Amino acid sequence: MSSSSGAGDAEDALSRLASGNSALQSLLRRLESGLEDLLPNSSGRAKMKELLVGLKEVGNEGRQMEALVELCEVLSMGHEDVLLGFSVDSFLPVLVDILKMEHNPEMMLLSSRAITHLLEVLPKVSPKVAACGAVRIFCQRLQTIEFIDVAEQSLMAMHKLSAEHPDVLQREGGLAASLMYIDFFDLNTQRTAAATAANICRNVLPECLGGVAEVAPNLSQLLSSPDQRIVDSACLAFSRLVESFAGNDMALQALIGRETLHRMVGLVSSCGRQERGFAVGSATLTCVVKTLATACRCSAGLAVELLEAGGLGMVHGLISRPEDGRGLAGGGVTGASAGAASRPLEQLLHALSLANELLPPLSPSGRLVALVKAVGAGTEAEQDLFGKQGADAALLQEFAASHGQMVLDYGVLLLPVFVDISVTISNDAIRVKCVAAVTKLVGSVGAADLAGLGGGAPPL
């Protein structure tokens, strides 16, 4: 009797508790809805809800258009009290759906504009924008240009995303999309496209190499642009591509073709002269020289192609001429040293690295090899002297054997410069590069020609 009474009391207690919980939950819901009206940004929350309802009225494009126009205005103003009520997770799927409305270009334009404004005023939402499927649609709008305004706005949104999410754009073909019809845009939009391409080329994923290599010729053409900012972006793009595939010889040769090398040689050789209406800036020049040095260090095939493209004259002018491109009174070794000293140390170091990479590596059975290997084993100097081991390791040696006069001219031109720089510029890294180049020169020239290395410069 007592046990059944206890069970009944327990059931009553549980029933009262459940009833109390239900009442409490109902009270909390009422309080929550009431508190929204008391919050400082209650008007902003209400406005955002109203706009979201308007955007979701599928079939009523007039109402959707009104909501889009108002949303763009709100986001462009960037008022904090209004943005606090903005739910990215609620708005993004709706905006992406509107991006797909190919029959209504005005709504596509406004939707892409809203996303661009969103990335400007709330940059922390970029991961969600990158993952919501909008990038693929932006690329489609650029690859099949039916409405130029929509394409330009899509490019603006991609530019905002490319700084933080190049991998997403790489997978979706963003590099090809940004460059495919670049000539159809006005100059400012072309600059945006080139800058976007440079961002996309950062840390390229291995699986995206094929797509990037297909677009490399389009990117190379930008090196010949008459606009300085476009050229700067193209140089930066190739620099990032080389950094991405520095350990892959075949990838580098696929990305940097003969035409690209010729254009880069032209850029370096025109330093200090306004051949296109502008002079190549010091930062861009350093970028190009570093790109060439890294590429040739990783690929002897590219080093041979660069020599065939006029690399000898380019390197001599780069090292011996002052940064402004003007000649020096007096000439001779002192003049060469003064020209090198006028350049930024980073630029000079990369120039000397490039000069070193264009020389054939020392033969493993050459003179003093055992001593040099013992001293430089495991250091960067070992590759400076003996080159990269691999299938194309002998290419430079074969080229030097069949172009003996070119190697001799190289030595006559640059040996005095290397020696002078090594004793006049107090920088260990620069001195190491100079000594390595001198060692390789001496090892590459026959005994009968050694005495002529200090002679006068041959005509280029």
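Sequence order sets the numbering: in each chain, residues are counted from 1 along the sequence as written. This being a predicted model, a pLDDT of at least 70 is required before a residue's local features are given, and a value of 80 or more before pairs of side-chain atoms are given or counted; all residues contribute to the totals for chains, interfaces and linings. The side-chain numbers reported here are obtained from all heavy atoms of the structure, hydrogens and water having been left aside.

Participant: Explanation requested: the overall build of the chain in the structure shown.
Facilitator: In this text, helices come from DSSP runs of H or I with a minimum length of four residues, and strands from runs of E with a minimum of two, each type numbered from the N-terminal end. Each helix and strand counted, the chain has 26 helices and 0 strands in total. Among the 460 residues that make up the chain, the fraction classed as buried is 46%. Across the chain, the fraction of contacts at a sequence separation of at least 24, relative to all contacts at a separation of at least 6, is 74%. What sets the accessible areas is the Shrake-Rupley method with a 1.4 Å probe; for residues, cover comes only from the shown protein chains. About 21,700 Å² of surface is accessible on the chain, with carbon and sulfur atoms providing 56% of the total. To sort residues, take the accessible area from a 1.4 Å probe on protein chains only and compare it with the maximum for the residue type: under 20% means buried, over 50% means exposed, and anything in between is partly exposed. Whether two residues are in contact is decided by their heavy atoms: any pair within 4.5 Å suffices.

Participant: Just to check I follow, could you spell out helix α24 (residues 395-402) for this structure?
Facilitator: Note: α-helices contain 3.6 residues per turn, so residues at a spacing of three or four share the same orientation. All buried positions along α24 are accounted for by L396, F399 and A400. For α24, the buried positions fall inside an angular range of 100 degrees around the axis, keeping them on one side. Residues of α24 that are exposed and point more than 90 degrees away from the buried face comprise A401 and S402. Regarding the arc, it is the one traced by the directions from the helix axis to the C-beta atoms.

Participant: Would you take a moment to explain the packing of aromatic side chains for this structure?
Facilitator: Each aromatic ring pair is specified by the distance between its two centres and by the angle formed by the two planes. Only Phe, Tyr and Trp rings are paired, with Trp represented by its six-membered ring, and only when their centres lie within 6.5 Å; those with planes under 30 degrees apart are stacked, over 60 edge-to-face, the remainder tilted. All chains considered together, the criterion is met by 2 aromatic pairs. For the ring pair F86 and F91, a centre distance of 4.5 Å and an interplane angle of 20 degrees mean the geometry is stacked. When the centroid spacing of 5.5 Å and the interplanar angle of 80 degrees are considered together, the rings of Y181 and F184 count as edge-to-face. According to the relative accessible area criterion, Y181 is partly exposed, its value standing at 30%.

Participant: What's the story with the packing of helix α12 (residues 187-200) against helix α14 (residues 228-244) in this structure? I'm lost.
Facilitator: What describes two packed helices is the angle between their axes and the distance between those same axes. The interhelical angle for the contact between α12 and α14, taken along N-to-C directions, is 15 degrees, at an axis separation of 8 Å. In terms of orientation, α12 and α14 fall into the roughly parallel class. The handedness of the crossing between α12 and α14 is left-handed. Where α12 abuts α14, its residues L187, Q190, R191, A194, A195, A198 and N199 lie against R229, I230, S233, L236, A237 and R240. Three classes are used, and their members are as follows: Ala, Val, Leu, Ile, Met, Phe, Trp, Tyr, Cys and Pro are nonpolar, Asp, Glu, Lys and Arg are charged, and the others, Gly among them, are polar. Within the contact of α12 with α14, the residues separate by chemical class into 7 nonpolar, 3 polar and 3 charged. Fitted lines through C-alpha atoms give the axes, limited to the stretch in contact for helices. The angle between two N-to-C directions lies from 0 to 180 degrees. Small angles under 35 degrees read as roughly parallel and large ones over 145 as roughly antiparallel, with 65 to 115 read as roughly perpendicular and the rest as oblique. Here a crossing is taken to be left-handed if its near helix is turned anticlockwise relative to the far helix by less than a right angle, and right-handed if that turn runs clockwise.

Participant: How do you make sense of helix α5 (residues 88-99) when you look at a structure like this?
Facilitator: Here the expected span of a helix is defined as 1.5 Å times the quantity of residues minus one. For α5, spanning 12 residues, the distance from its first C-alpha to its last is 16 Å, which sits close to the expected 16 Å at 1.5 Å a residue. Among the residues of α5, V88, F91, L92, V94, L95, V96, I98 and L99 are the ones counted as buried.

Participant: Help me out: how do you make sense of the pattern of salt bridges in this one?
Facilitator: For this document, the term salt bridge refers to a Lys or Arg side-chain nitrogen within 4 Å of an Asp or Glu carboxyl oxygen. For the coordinates displayed, the defined rule picks out 10 salt bridges. One salt bridge connects E102 with R141, and the closest N-O pair in it is separated by 3.8 Å. Placement of the pair is E102 in the loop between α5 and α6 (105-121) and R141 in helix α8 (residues 134-143), with a sequence separation of 39 residues. Between D227 and R191 there is a salt bridge, with its nearest N and O atoms 2.6 Å apart. Here R191 lies in helix α12 and D227 lies in the loop between α13 (209-221) and α14, a separation of 36 residues in the sequence.

Participant: So what exactly am I meant to see when it comes to the environment of E70 here?
Facilitator: Here E70 lies in helix α3 (residues 61-77). Using a relative accessible area of 27% as the deciding quantity, one classes E70 as partly exposed. Distance from E70 to L51, taken between C-alpha atoms, is 7.7 Å for residues 19 residues apart in sequence. Setting aside anything within four residues of it in sequence, one finds E70 in contact with K47 and L51.

Participant: What am I meant to see in the side chain of Q170 here?
Facilitator: Positionally, Q170 belongs in helix α10 (residues 166-171). Residue class for Q170 comes out buried when judged on its relative accessible area of 9%. Any pair of N or O atoms that falls within 3.5 Å is considered a polar contact. Within protein, one atom must be able to donate a hydrogen and the other to accept it, and sequence-neighbouring residues count only if both atoms are side-chain atoms. Looking at Q170, its side chain comes within polar contact range of the main-chain oxygen of R202, at 3.1 Å. One polar contact links the side chain of Q170 to the main-chain amide nitrogen of L205, over a distance of 3.0 Å. When near neighbours in sequence (up to four residues on either side) are disregarded, Q170 contacts I200, R202, N203, V204, L205 and C208.

Participant: I tried to follow unusual backbone geometry on my own but got confused; where do I start?
Facilitator: The phi angle of most residues is negative, glycine excepted, and most peptide bonds adopt the trans form. Despite not being glycine, N203 shows a phi value in the positive range, around 50 degrees. Tracing the chain through its elements places N203 in the loop between α12 and α13.

Participant: I tried to follow the packing of α8 against helix α9 (residues 148-162) on my own but got confused; where do I start?
Facilitator: Running from N to C, α8 and α9 point in directions that differ by 140 degrees, and their axes come no closer than 8 Å. As far as their axial angle goes, α9 and α8 are oblique. By crossing handedness, the relation of α8 to α9 is classed as left-handed. Two secondary-structure elements touch here, α8 through V135, F138, C139, R141 and L142 and α9 through V150, A151, S154, L155, A157, M158 and L161.

Participant: Help me understand the side chain of S225 in this model?
Facilitator: Positionally, S225 belongs in the loop between α13 and α14. Relative accessible area serves as the criterion here: at 11%, S225 is assigned to the buried category. One polar contact links the side chain of S225 to the main-chain amide nitrogen of D227, over a distance of 3.1 Å.

Participant: I keep staring at the confidence of the model for the chain and nothing clicks. Help me out?
Facilitator: Predicted confidence across the chain gives a mean pLDDT of 82, with 75% of residues reaching 70 or more. Looking at the elements of the chain, mean pLDDT is at its lowest for helix α1 (residues 2-38), recorded as 54, and at its highest for α12, recorded as 98. Confidence drops under a pLDDT of 50 for residues 326-334, and excluding neighbours within four residues, the segment shows 7 contacts in the predicted structure. Residue-level confidence of the predictor is what pLDDT reports, using numbers from 0 through 100.

Participant: What is the right way to read the environment of D186 from this model?
Facilitator: Positionally, D186 belongs in the loop between α11 (174-180) and α12. Separated by 2.9 Å, the side chain of D186 and the backbone nitrogen of T189 make a polar contact.

Participant: Help me understand the state of the cysteines, please; the structure alone is not making it clear to me.
Facilitator: Among covalent bonds in proteins, the disulfide is the one between the sulfur atoms of two cysteines. By convention in this document, the label disulfide applies to cysteine sulfur atom pairs within 2.5 Å. Within the structure shown, the criterion is met by 0 disulfides. In this model C287 remains outside any disulfide bridge; the closest cysteine sulfur is found in C235, 6.0 Å from its own.

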